[in-house]
Amino acid sequence: WSSDVCSSDLILSEDLSFCLRAGTLDIPVHVHTGVRTSHMKTLWLAEDDYFAQVALSKIQPAVPPATQRTAVIVPVLRRPQNAAPFMESLKSSGAQELATVYAVAGADDYDTIAAWEAGGAQVIRAATDTTTFATKVNLGYRATDEPWLFLTGDDVRFKPGWLDQAQHAARDGFDVVGTNDLHNPRVLAGEHATHLLIRRSYIDEHGASWDGPKVVAHEGYRHWFVDDELVTVAKQRGVWTAAPAAHVEHLHPLWGLAADDDTYQLGRSYAEQDQALFTERLAAHGA
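This one's a predicted model, so the numbers in the text were calculated from it and none came from an experiment.

What about the overall build of the protein?
Point 1. When helices and strands are tallied, the protein shows eleven helices and ten strands.
Point 2. Long-range contacts, defined as pairs at least 24 residues apart, comprise 71% of the intrachain contacts of the protein with a sequence gap of at least 6.
Point 3. If you sum the accessible surface of the protein, you get close to 14600 Å²; carbon and sulfur atoms cover 54% of it.

This is the structure:
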């Protein structure tokens, strides 16, 4: 023990003392960030406290840059005005080199198609304008080949480093990564996510829903509860993790960040039906 490291009037805990003494002997101390545990201070500190701290303080730890191509799948419906801000936000976030945007639109949604094409997105045309969010997600999966899919609506704002943070969170073999929408209480707690990064090989082999291989979303849902099933299934399989520093802000009327419109109202009109379907499927496949 070196006197220049610790004086007699300095009190250290046993963990700091151990690490300091190892350092004086040039013994490296390694931290395995994949091990999740709790710590008793004046209260028990656990993973939920970390998620809350990161989510609320907007901390973004330094991580290596993302390296894998990502298909950003965006089901769109009669909101051409959202195309340009979405594409500019993605570009400003620094993810444009790896992330290709695929807007999935109804074949007769002409103004929306034109706006996304003008913004530089690839457009996948669904059969009709009434094709659901879940169906459009599956179309996007089948039409792309990137190693990762990012599922999102058109009402988001990407923050710098979001893809770096999300891919880094998956480093220990997680296949479904929840990004931080900065507003939803369940998301801020690390329990849920509305915008998900999903590994393609996971979809190919197992499927992201309870429907089996090569299916992302159950097409019985109109819009709501698609994310609930994807997250629940991933948790059941032990392949879910949250990336609280991957900030993809949800500009939704619930948070006062967007005006209500026909598209939001259409989704809400099926909310009870979608919830009942999720409850039924959850009971069938085990809570």
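A short note on the side chain of Asn180
Point 1. Mapped onto the secondary structure, Asn180 falls in strand S8 (residues 176-180).
Point 2. Separated by 2.9 Å, the side chain of Asn180 and the backbone oxygen of Pro244 make a polar contact.

Side note on helix H10 (residues 262-269)
Point 1. Within the span of H10, buried status applies to Thr263, Tyr264 and Gly267. Angular distribution of buried residues about the axis of H10 spans 100°; they occupy a single face of the element. Residues of H10 that are exposed and point over 90 degrees away from its buried face: Asp262 and Ser269.
Point 2. Structurally, H10 contributes buried residues whose contacts are with helix H11 (271-285).

Describing the sheet that holds strand S3 (residues 70-75)
Point 1. Spatially, eight strands are ordered S5-S4-S3-S6-S9-S8-S10-S7 in an open sheet, and the strand pairing comes out mixed. The open sheet has two edge strands with one neighbour each: strand S5 (122-126) and strand S7 (156-158). Across the sheet, the axes of successive neighbouring strands diverge by a mean angle of 35°, strand direction being ignored.
Point 2. Bridge analysis of S3 against strand S4 (residues 99-106) gives six bridges, and the strand direction is parallel. Directly across from Thr70, in S4, lies its bridge partner Ala99.
Point 3. This element, helix H3 (residues 83-92), spans S3, S4 and S7 of the sheet and lies at about 20° to S7.
Point 4. Its contacts with the sheet put helix H5 (residues 133-142) on S3, S4, S5 and strand S6 (148-151), and the angle it makes with S3 is roughly 150°.

A look at the pattern of salt bridges
Point 1. Applying the stated criterion to the full structure yields eleven salt bridges.
Point 2. One salt bridge connects Arg125 with Glu117, and the closest N-O pair in it is separated by 3.7 Å.
Point 3. Judged by relative accessible area, Arg125 falls into the partly exposed class, the value being 49%.
Point 4. Arg281 is the salt-bridge partner of Glu229, the closest N and O atoms lying 2.7 Å from each other. Residue Glu229 is located in helix H9 (residues 226-237), and its partner Arg281 is located in helix H11; the two are separated by 52 residues in the primary sequence. For the pair Glu229 and Arg281, one class covers both residues: buried.
Point 5. Residues joined by salt bridges that share partners form a network here, namely Arg79, Asp154 and Asp261.

Focus: the pairing of strand S10 (residues 240-250)
Point 1. Burial within S10 is extensive, with eleven of its eleven residues counted as buried.
Point 2. Judged from the three bridges that link them, S7 and S10 form a sheet pairing that is antiparallel. Directly across from Val156, in S10, lies its bridge partner His250.
Point 3. Looking at chain direction, S8 and S10 are connected through four bridges and run parallel. Across the sheet, residue Val177 finds its bridge partner in S10, namely Thr241.

A few points about the confidence of the model for the protein
Point 1. Looking at the protein, the pLDDT average stands at 90 and 87% of residues meet or exceed 70.
Point 2. Counting contacts from residues 1-8, a segment whose pLDDT is below 50, to residues more than four positions away or on other chains yields ten contacts.

Observations concerning the packing of aromatic side chains
Point 1. All chains considered together, the criterion is met by seven aromatic pairs.
Point 2. Seen from their ring centres, Phe86 and Trp116 are 5.2 Å apart, and the 65° between their planes marks the pair as edge-to-face. Highlighted residues: Phe86 in helix H3 and Trp116 in helix H4 (residues 110-119), separated in sequence by 30 residues.
Point 3. Residue classification places Trp116 among the buried positions, given a relative accessible area of 0%.
Point 4. When the centroid spacing of 4.9 Å and the interplanar angle of 40° are considered together, the rings of Phe158 and Trp162 count as tilted. With respect to class, Phe158 is no different from Trp162; both count as buried.

A word on the pairing of S6
Point 1. Neither face of S6 is open: one carries Trp148 and Phe150, the other Leu149 and Leu151, and all of them are buried.
Point 2. Here four bridges tie S3 to S6, and the two strands are oriented parallel to one another. Within the sheet, the bridge partner assigned to Ala71 lies in S6 and is Leu149.
Point 3. Pairing of S6 with strand S9 (residues 196-199), which is carried by four bridges, proceeds in the antiparallel orientation.

Calculation rules
Residues numbered from 1 in each chain as written. Predicted model: local features only at pLDDT ≥ 70, side-chain atom pairs only at ≥ 80, totals over all residues. Heavy atoms only, no water. Helix = DSSP H or I, 4+ residues; strand = E, 2+ residues; numbered from the N terminus. Contact = heavy atoms within 4.5 Å. Areas by Shrake-Rupley, 256 points an atom, 1.4 Å probe, with all protein chains shown as cover. Polar contact = N/O pair within 3.5 Å; in protein donor to acceptor, adjacent residues only side chain to side chain. Buried < 20%, exposed > 50% of the residue type's maximum accessible area, 1.4 Å probe, protein only. Arc of directions from axis to C-beta. Pairing = 2+ DSSP bridges. Axes fitted to C-alpha atoms, helices over the stretch in contact; angles between N-to-C directions. Salt bridge = Lys/Arg side-chain N within 4 Å of Asp/Glu carboxyl O. pLDDT = per-residue confidence, 0-100. Phe/Tyr/Trp six-rings, centres within 6.5 Å; stacked < 30°, edge-to-face > 60°.

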